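# Inside the fold
The residues making up each chain are set out below.
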Amino acid sequence: MTNTVTEFYKALTAKVDETLKAQGDYGKIVIQIGSATCENAAGAVDVMDEFSKHIQSSGREDIVIHRTGCTGRCSKEPIVGVHVPGKMPVKYERVNRDVVHKIFTSHIQKGLPLAEQILDGSIDPDQQLEFLFCEGRRCGVDAPVSYREIFERKLKEAGVGEDKVRITAASCFGACQGQCGSRAHVLVRPLRTLYSVSSEADVDLLVQKQVLKHEEVPSLKVTDKPIYQEFFDLYGDVSFFNRQSRVAMRNSGILDPESLDEYVKFGGFKALATSLGKNDPEWVINEVLKAKLRGRGGGGFLTGKKWQMASQQPEKTRYLICNGDEGDPGAFMDRGMLESDPYSIVEGMMIGAYAIQACKGFYYIRAEYPLAIKRIQNAIEKCRAAGILGDNVMGSGWSFDLEIRLGAGAFVCGEETALIRSIEGERGQPKVRPPYPVVRGLWGKPTAINNVETFANIPAIINYGGDWFASIGTEASGGTKVFALAGKVKHTGLVEVPLGTPLKKVVFDIGGGVQDDLPLKAIQTGGPAGGFIPAKWADMEVDFDPLAKAGSIMGSGGMIVLSDEDCMVDISKFYLSFTQEESCGKCTPCREGTTRMLEILEKITSGKGELSDLDRLERLARLCQQTSLCGLGRAAPNPILSSLKHFREEYIEHIVEKRCKAKKCVALIHYEINAEACIGCTVCARNCPVECISGSRKEPHVINQERCIKCGQCFEVCRFDAVERV
Amino acid sequence: MTGKMINLTIDETPIQVPEGTRLIHAAEKLGINIPRLCYHPNLSLEGACRVCVVQVKGFNHFLTACSQEVWEGMDVQTNSPEIRQARRDIVELLLDNHPMDCQTCDRDGNCELQKQAYRLGVRERLFAGERKHYPVEDSSQSVVRTPEKCILCGRCVRVCSEVQGVSNLSQQGRGFHTVVGPANLSNMDDSVCIQCGQCVAVCPTAAFLEKDHTERVWEVLAMPRDKKHVVVQIAPAIRATMGEAFGLPMGTPVTGKIVTALRRMGFDVVFDTNFGADLTIVEEANEFLNRMQTGENLPLLTSCSPGWVSFMERFYPEMIPHASTCKSPMQMLSALIKTFYAKKKNLDPKDIYVVGIMPCVAKKFEAARPEHAMEDGTPYTDAVLTTRELAWMIKSYGIDFVNLPDGEFDRPLGISSGAADIFGATGGVMEAALRTAAVKLTGEELGPLVFNEVRGVTGLKEATLRINGMDVNIAVSNGLTNAKHILDAVKEGGKQYHLIELMACPGGCIMGGGQPYPPLDHDPLDPETARLRAKALYDIDDKKQLRRSHENPAIEHLYEEFLGEVNGEKAHHLLHTHYEASMPRGIR
């Protein structure tokens, strides 16, 4: 059997090589365009269309368009990469039809990159080389000095300026396998060369040969291609990216999510072939156990343990479910992976299915993700056609198939028992556990349910080893975690960092800091059921246990940055209104409790609160936490409990002083016109929907507070900042 | 469950229970009753109300005693201050979204929510806010739905699908807006509801109730005697249960007291539905013997239970030819009252008002079926009161029921055999039919009287009886999920059944949807309740001289004087009915 799988995989890769060679795209200029729901919404489809028109009318045949998934750099989409062979890859932000024209005429035709449109202004187009120094958690930490600093000094001594060579401190490339000790890895872009240095002499050699003579240094070269290298080759210059460690998202933004060939070219299905080749499901489970991979859906249960339990059930008909019912507002990690790297999820799922010897797998994807559904469907069909999925998988004799089921938009269906009921066609409500799904799940059969991101990690674990994966994270949990970074942060998007990375680092190094450089107030993690981590705890390492200890949760990975402009009472109310709306209605504390808590918060934010409300709020929150049926209810009060703990004074301010410092609670603010700043242009009066602003032309205007409905129109339209929110 | 024993401590008291025991039962062994609302031992676990939370050492959150199985070394607190507060808060949250109308509510004094609120000490209201508002839905002839009073325990949903196999009720909407009702919240009347009223029986509050007929009965009772002749008949099952409503022990027969009470309330004539039951047996036994002879449309399915009849019409229309065409005992008797009795008394049937006292809410629906009306549209039965409704009327009247002397039914429609009394229990109709059929088949006057094969309150019983050299395969089912099993077996072929008794309610009429709510320390649907109630009926039967329906002299006389032959033209016209497939809307 081993031989047949190996032969199948060999034949598969050979065929892919042949197909890709036949396409003849090697050596051409590549225009890389992101294509996911978010990119498309930002205009990626138009951009692609405009590029094709330009290529067609130029008559050039050395240019190809390469569609990729999404890199997760949300606020700057659509992103377009222009890769001229031998040159530094250039990425452009917020491209539209006009910018396409400029890129084409200037960069592609004249070789002059468009500096003003470069993503995050990250590179100077004149720089010819970029040296990325791995400064991950372990790499080089034992070194007595920083090789990067030595390199900088030596370059200066050699008279090479920053305009020619750029030096970047990056996160781990994944080359060290956790045993690099005093070594450090250096990636040279755009040469795609990886060096390993362990002494000052090595650094000197790099300067002398690589920089000054443009010669490779074979003695220092690392030949194995580490997991992150492809990503760094393409995106290493952008600070948003080069501080990340992309395991689950290793292919996002690199390959065409709809092409099986490309996936295979980048090592796809090697892990499945390895697993099947071992002919030992237990080996897979052991690797995953070694990896200390914990469920990425939020529960943090050890995936290997779950699979082990499922595999030990006497019942032989077993199912595997991929939970893609991502529902947290502002979270889109799963969508990103499903849309950008669907084959990885298919492969991860197949490996999991093999481990527990499942006969059938289900994708449960929310119906609001049509592109994700389409791409997974496409991946399933192509895999089936290639003999990777279905009867006799890769010639191994093991059969397995996948099916997609759509979620109808209930948040609670992300809870595993509710999800199972939903697949079964029942009302999507959680059920009492135990029995746990691994014992009695879908249609009463043992069922393992894992999150999309969990599956995305599996092929990497098999390819690079469980030990390697475990070495990335913390003592208790291995690997990385993808976060959806949002809120008052400069760079928003999908961020993948090793578990154990300090929160501060995510916000400031990757996210670029708080918007408008305001002070950081708190970081909210874990979606609507998460809690607030106050700024004073920003050093905290992101991991399941510390977050839970601090009264928040890892959740599926929402991370929202809050500044002084945010009102904690108002935000707690926002989250609670979400959980209240999404409560399934089954158990009393969640159904009734969230409603009552929301009523109390509304009372407080509308200025009618009493101090005793806080006790009642806390009492209900504890009740909901301690007695709810499922995780949704138990976690629903987290925003309230953690804000009461860390920001109680804000609640008291709302209740006693009837004041909202952040000026978010409408009932507690009013608008006034500063007579000195007002020039009497009448714009405010003309825009007031209730006509409560009076004043003659060129005279200061006045708001009639009794009639004002606090809609804020005047504040928005005044061009002289004369309207003040008080 | 293995034979392994588990050691644990509940409130510092060590206890040993078999592996797989749930905490709620382990605590009961120590005499601790953990409060509960959604839990019901006969239904699947819901875990929704959370009232039964307990504290288990090592857990930050509380566990529900209804669902949690014990484990070795478990350390449980059932009454810590934290637990007491949590339970109190949960019940208060339920009350906060509940109409505050206990004083005017049908379930006042017999409401599980009220009981828990009192027991747990909800003395102040801290969280009151917005409350749900839904109109009362009373489109159905039998069951009234009041969603405002619903606490979403899900018992009705589970009884409807798990016990009755109807699955008409489900939860809809979500969160605070969750409401229980038929699909798409259509009217109960448009739904597939079979009107059995088990939702009413299991509801802890007044979210489901029978349709009230008491007002119309008060009204006719107050009318001058020469204007309305009010005739009442009482079903077999209610004589075994009415006492419960007045605090008598379960299974106390109170036939005579009911008769006296009814007379005191002003009913002109008190007849016994038992008479109708005897008549049913005579007609049905004849029907059975005919079918046995021709071999057509076997097995014969009984048709006394209107809930079962509705179920057949909706879910098994292909079985209609198998159903006995005999009317139910109530309808047979009502038909006779408005024809035979009216003629005898020289009364205009329109001036007669027939009230049935039934254990069943579906009888209200049956009474309103157009087939059960005279040619001019006058219904044979004008009002149907459930046991509960009559109990309330007696209390309302101020009658000291417990100390009433025994009364006698009026003649001739008040004479009955013991076979009729046992109609109220599952297997009773079968036994009554067998007593008569055995005599008719063998021709021997003294056939067997007790058929232990069909006694007992289990849901599905099968037996093969050897009568006159023939193997007669019979089956008895109660609870419609069991009916499904047996009907599916009939449809599949294989074993040839000859006679099947079907009753909609689990345990038969003694556990009907209109029976008194059990005391608050009992679960509705409790098999022990069913056993005690059934025993009362078998005891009555045992004490009677007359044990076979066809031996009832009043019946013999009726055929001679009025009906003519068994299943003759007149009998067929008055005592038999027909059924029609009635598929839910959208299904043809």
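Residues numbered from 1 in each chain as written. Chains lettered and ligands numbered in written order. Predicted model: local features only at pLDDT ≥ 70, side-chain atom pairs only at ≥ 80, totals over all residues.

All right, on to the overall build of chain A then. The helix and strand tally for chain A stands at 28 helices and 21 strands. Taking 726 residues into account, the globule formula puts the C-alpha radius of gyration at 27 Å, and chain A, at 28 Å, falls close to it. With respect to the three principal axes, the spread of C-alpha positions in chain A is 80 × 70 × 55 Å. Relative to its 726 residues, chain A shows a buried fraction of 55%. (Helix = DSSP H or I, 4+ residues; strand = E, 2+ residues; numbered from the N terminus. Rg over C-alpha atoms; globule rule 2.2 N^0.38 Å. Buried ≥ 20, exposed ≤ 12 C-beta atoms within 10 Å, placed from the backbone.)

The secondary structure content of chain B amounts to 18 helices and 17 strands. Scaling as 2.2 N^0.38, a compact globule of 588 residues should have a C-alpha radius of gyration of about 25 Å, and chain B matches this with 25 Å. Summarising its shape, the C-alpha atoms of chain B cover approximately 80 × 60 × 55 Å along the three principal directions. The buried share of chain B, taken over its 588 residues, is 52%. In chain B, once contacts between residues fewer than 6 apart in sequence are set aside, the share between residues at least 24 apart is 73%. (Contact = placed C-beta atoms within 7 Å.)

Turning to the sheet that holds strand β15 (residues 520–525) of chain A, a few remarks are in order. All names here are of chain A. A sheet is described by the order of its strands in space; here 5 strands give the open sequence β14-β13-β17-β15-β16, paired in mixed fashion. Two strands close off the open sheet at either side, each with one partner strand: β14 (493–498) and β16 (531–534). Looking at each pair of strands side by side, their axes are set apart by 30° on average, direction ignored. Here β15 pairs with strand β17 (residues 558–563) via 5 bridges, running antiparallel. Following the sheet pairing, Gln-524 is matched in β17 by Ile-560. (Pairing = 2+ DSSP bridges. Axes fitted to C-alpha atoms, helices over the stretch in contact; angles between N-to-C directions.)

All names here are of chain A. Between helix α10 (residues 270–278) and helix α17 (residues 452–464), the least distance of the axes is 8 Å, while the angle of their chain directions is 65°. The two elements α10 and α17 cross, and the hand of that crossing is left-handed. On the side of α10, the interface is formed by Lys-270, Ala-271, Thr-274 and Ser-275, while α17 contributes Pro-459, Ile-462 and Asn-463. Its residues placed into classes, the contact of α10 with α17 shows 3 nonpolar, 3 polar and 1 charged. (Left-handed = near helix turned anticlockwise from the far one by under 90°. Nonpolar A, V, L, I, M, F, W, Y, C, P; charged D, E, K, R; others polar.)

Let us look at the sheet that holds strand β14 (residues 383–386) of chain B. All names here are of chain B. Strands sit in the order β11-β10-β13-β14 across an open sheet of 4 strands; the sheet is parallel. Edge positions in the sheet fall to β11 (269–272) and β14, since each of these pairs with one other strand and no more. Shown here is a sheet whose adjacent strand axes are inclined to one another by a mean of 25°, direction ignored. Note that strand β13 (residues 352–358) and β14 share 4 bridges and pair parallel. If you follow Gly-356 over to β14, its bridge partner there is Val-384. Running at roughly 120° to β14, helix α6 (residues 214–221) makes contact with β10 (229–234), β13 and β14 of the sheet.

What follows concerns the domain arrangement of chain B. All names here are of chain B. Under the domain assignment used here, chain B contains domain 1 (1–126), domain 2 (143–211) and domain 3 (215–575). For domain 1 versus domain 3, the separation of C-alpha centres amounts to 40 Å. Across the contact, 6 residues belong to domain 1 and 4 residues belong to domain 3. Its residues placed into classes, the side of domain 1 that touches domain 3 shows 1 nonpolar, 3 polar and 2 charged. (Domains from an automatic or database assignment.)

Contact with chain A, which involves 28 residues of that partner, is made by 28 residues of chain B. If you list the elements that add at least two residues to the side of chain A that touches chain B, you get α21 (568–582), α22 (588–605) and α23 (611–627) of chain A. Considering each element in turn, the side of chain A that touches chain B owes the most residues, 8 residues, to α22(A). Taken together, the residues of the side of chain A that touches chain B sort by class into 8 nonpolar, 9 polar and 11 charged.

Residue and element names in this part refer to chain B. Burial of helix α9 (residues 306–315) is extensive: 8 of the 10 residues sit out of reach of the surface. Looking at α9, one finds that the buried residues are Pro-306, Gly-307, Trp-308, Val-309, Ser-310, Phe-311, Met-312 and Phe-315. On its buried side, α9 packs onto α11 (362–367), α15 (480–492) and β17 (499–503).

With that settled, consider α21(A). Residues and elements named next belong to chain A. Over its 15 residues, α21 runs 21 Å from end to end, which matches the ideal 21 Å to within 8%, given 1.5 Å per residue. Across the 15 residues that make up α21, a large majority, 12, are buried. Of all the residues in α21, the buried ones are Met-568, Val-569, Asp-570, Ile-571, Ser-572, Lys-573, Tyr-575, Leu-576, Phe-578, Thr-579, Gln-580 and Glu-582. At its buried positions, α21 is contacted by β16, β17, α22, α24 (631–635), α25 (638–646) and α26 (648–657). (Expected span 1.5 Å × (residues − 1).)

Quick look at the nonpolar core now. By size, the foremost hydrophobic cluster in this structure holds 386 residues, and its most contacted members are A:Val186, A:Met350, B:Cys156, B:Cys199 and B:Ala433. No other element matches helix α14 (residues 342–356) of chain A, which puts 10 residues into this core. Setting aside residues up to four positions removed in sequence, B:Ala433 forms contacts with B:Ile281, B:Glu284, B:Ala285, B:Phe288 and B:Leu499. With 12 residues, the next largest nonpolar core counts A:Tyr671, A:Ile673, A:Cys684 and A:Ile703 among its residues. (Core = buried A, V, L, I, M, F, W, Y, C linked by C-beta atoms within 7 Å.)

Residues and elements named next belong to chain A. Taken N-terminus to C-terminus, the directions of helix α5 (residues 147–158) and helix α6 (residues 200–213) make an angle of 45°; their axes are 10 Å apart at the nearest point. Relative to α6, α5 is oriented oblique. By crossing handedness, the relation of α5 to α6 is classed as right-handed. Contacts between α5 and α6 involve Tyr-147, Ile-150, Phe-151, Lys-154, Leu-155 and Ala-158 on the former and, on the latter, Glu-200, Val-203, Asp-204, Leu-206, Val-207, Val-211 and Leu-212. In terms of residue class, the contact of α5 with α6 is built from 10 nonpolar, no polar and 3 charged. (Parallel < 35°, antiparallel > 145°, perpendicular 65-115°, else oblique.)

Let us now look at the confidence of the model for chain B. Here chain B averages 93 in pLDDT, and 99% of its residues register 70 or above. What the predictor reports for the complex is a pTM of 0.91 with an ipTM of 0.91. (pLDDT = per-residue confidence, 0-100.)

This part is about the environment of A:Asp124. Within the element layout of this structure, A:Asp124 appears in the loop between α4 (97–110) and β5 (129–134). When the 16 C-beta atoms within 10 Å are taken as the criterion, A:Asp124 is described as partly exposed.

Turning to the pairing of β17(B), a few remarks are in order. Residues and elements named next belong to chain B. Counting buried residues in β17 gives 5 out of 5 residues, a clear majority hidden from the surface. Residues Leu-499, Glu-501 and Met-503 line one face of β17 and the alternating positions Ile-500 and Leu-502 line the opposite face, and both faces are buried. Across 2 bridges, the pairing between strand β12 (residues 300–301) and β17 is parallel. Across the sheet, residue Leu-301 finds its bridge partner in β17, namely Ile-500. The β-α-β motif built from strand β16 (residues 470–478), the intervening α15 and the parallel element β17 has right-handed crossover chirality. (Right-handed = clockwise from strand over helix to strand, strands pointing away.)

With an omega dihedral of 0°, the bond running from A:Arg189 to A:Pro190 counts as a cis peptide bond. Mapped onto the fold, A:Pro190 is located in the loop between β7 (184–189) and β8 (193–197). That bond from B:Arg411 to B:Pro412 is cis: its omega, 5°, falls within 30 degrees of zero. You can see B:Pro412 is positioned in the loop between α12 (387–397) and α13 (418–421). Phi angles above zero are rare outside glycine, and B:Ser167 is one such case at about 55°. Position of B:Ser167 relative to the elements: it lies in the loop between α4 (155–163) and β7 (169–172). The class of B:Ser167 is partly exposed, set by 13 C-beta atoms lying within 10 Å.

With that settled, the discussion passes to the domain arrangement of chain A. Residues and elements named next belong to chain A. For chain A, the assigned domains read domain 1 (28–84 + 89–121), domain 2 (129–236), domain 3 (269–469), domain 4 (480–566), domain 5 (569–657) and domain 6 (670–725). Computed from C-alpha atoms alone, the centre-to-centre distance between domain 4 and domain 5 is 22 Å. Each side of the interface is counted separately: domain 4 has 11 residues, and domain 5 has 14 residues. Sorting elements by how many residues they give to the side of domain 4 that touches domain 5 places β16 first, with 3 residues. Residues of the side of domain 4 that touches domain 5, tallied by class, amount to 6 nonpolar, 4 polar and 1 charged.

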